[in-house]
Amino acid sequence: MAIEGRFDLEEKKEISTGILNMIIAMYQLALSKTLGSGSAALTQLILRDATELADEMLKEANIELGDVEDLASDIPKFFKLIGISDKVEVEVPKDKTAAGSVYLIKVYDSLFKPVALLLNKRGIKFTLSPEAFIAAYIVRKALRKINPKANVRISVEPLKSPDEPLVIKVIIR
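Quantities reported herein were computed from a predicted structural model and do not represent experimental measurements.

Q: For this particular structure, what's the right way to read the side chain of S110?
A: Residue position: S110 is located in the loop between β2 (102–107) and α4 (113–121). Separated by 2.9 Å, the side chain of S110 and the backbone nitrogen of F112 make a polar contact. Here the side chain of S110 touches E131 through a polar contact of 2.4 Å, side chain to side chain. Setting aside residues no more than four positions away along its own chain, S110 makes contact with I84, S85 and E131.

Now the structure itself:
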């Protein structure tokens, strides 16, 4: 059992992906019902804090992303390392730090794909996509080395079919 008050990513407890997806769907539903269309804006506002929190939690669990230099290979490696997806493709913009540049991340076999499909069927925008937060976290980590003031914005395209990849856009601001 994890030490009280400490989040432990090393401890191995099993939970079905269905239950995990249900929990994420419930949080997304609560956020959407509470904030309506403002839920997407809130996601953007908390992105910096969320990625800083991820840094702390991963460090505490001795999971180190290390220096991020090649996002086209580092993003898929990290998704695989933490067990979210084995097939991720990344399109990196030519000018990696220019405002308006877009990183396009396609996640084909995410364990969170069922929740994206369910939310889309119900007309709920998936603003709390774990894949999007992780992709943004990695891009922000790379950008902090080059331009510490660079900010990112994330968006997730609605998933209409299980055959499609989940498409995440990480936009430099």
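From this point, the discussion proceeds with the structure in view.
Q: Which parts of the structure should I look at to understand the packing of helix α1 (residues 17–35) against α4?
A: Two measures define how a pair of helices packs: the angle their axes make with one another and the distance between the axes. With their axes 9 Å apart at the nearest point, α1 and α4 run at an angle of 40 degrees to one another. Judged on the interaxial angle alone, α4 and α1 are oblique. Crossing handedness for the pair α1 and α4: right-handed. Contact residues: α1 offers N21, I24, A25 and Q28, while α4 offers K113, P114, V115, L118 and L119.

Q: Whenever I open this one, helix α2 (residues 38–60) confuses me. Can you help?
A: The α-helix winds at 3.6 residues per turn, so residues separated by three or four positions along the chain end up facing the same way. Helix length check: α2, at 23 residues, gives a terminal C-alpha distance of 32 Å against a target of 33 Å (1.5 Å per residue), a fit within 8%. Most pronounced at I46, the bend in α2 amounts to some 45 degrees. S39, A40, T43, Q44, L47, T51, D55 and L58 are the residues of α2 that are buried. Against the buried residues of α2 lie α1, α3 (71–81), α5 (130–146) and β3 (152–156).

Q: Looking at this structure, how should I read a positive patch on the surface?
A: There is a patch of like positive charges on the surface, built from R48, K125, R153 and R173. Of note, K125 is situated in the loop between α4 and α5.

Q: Quick question: what am I supposed to make of the nonpolar core here?
A: Here is a general trend for soluble globular proteins: nonpolar side chains tend to be buried in one another's company. With 42 residues, the main nonpolar core has I75, I105, I138, V139 and V170 as its most contacted residues. Considering every element that reaches this core, the biggest residue donor is α5, with ten residues. Discounting chain neighbours no more than four positions away, the residues touching V139 are L71, I75, Y103, V152, V170 and I172.

Q: I'm lost on the packing of α1 against α2 in this one. Help?
A: At a closest axis distance of 8 Å, the pairing of α1 and α2 adopts a crossing angle of 115 degrees. Accordingly, the angle class assigned to the pair α1 and α2 is roughly perpendicular. Between α1, through Q28, L31, S32 and L35, and α2, the contact on the second element is made entirely by G38, S39, L42 and T43. Here the residues of the contact of α1 with α2 sort into three nonpolar, five polar and no charged.

Q: What's the story with the pattern of salt bridges in this structure? I'm lost.
A: Side chains carrying opposite charge are able to pair once their charged atoms draw close together. Using the criterion set out here, one finds four salt bridges in the structure. K106 is paired through a salt bridge with E91; the nearest N and O atoms lie 3.7 Å apart. Here K106, found in strand β2, pairs with E91, found in strand β1 (residues 88–91); they are 15 residues apart in sequence, far enough to count as distant.

Conventions adopted
Residues numbered from 1 in each chain as written. Predicted model: local features only at pLDDT ≥ 70, side-chain atom pairs only at ≥ 80, totals over all residues. Heavy atoms only, no water. Helix = DSSP H or I, 4+ residues; strand = E, 2+ residues; numbered from the N terminus. Polar contact = N/O pair within 3.5 Å; in protein donor to acceptor, adjacent residues only side chain to side chain. Contact = heavy atoms within 4.5 Å. Axes fitted to C-alpha atoms, helices over the stretch in contact; angles between N-to-C directions. Parallel < 35°, antiparallel > 145°, perpendicular 65-115°, else oblique. Left-handed = near helix turned anticlockwise from the far one by under 90°. Expected span 1.5 Å × (residues − 1). Bend = angle between axes of the 7 residues up to and from the residue. Buried < 20%, exposed > 50% of the residue type's maximum accessible area, 1.4 Å probe, protein only. Patch = residues over 30% accessible without salt bridge, like charges linked within 9 Å, V, L, I, M, F, W, Y side chains within 5 Å. Areas by Shrake-Rupley, 256 points an atom, 1.4 Å probe, with all protein chains shown as cover. Salt bridge = Lys/Arg side-chain N within 4 Å of Asp/Glu carboxyl O. Lys, Arg positive; Asp, Glu negative; His and termini not counted. Charge placed at Lys NZ, Arg CZ, Asp CG, Glu CD. Core = buried A, V, L, I, M, F, W, Y, C linked by side-chain atoms within 4.5 Å. Nonpolar A, V, L, I, M, F, W, Y, C, P; charged D, E, K, R; others polar.

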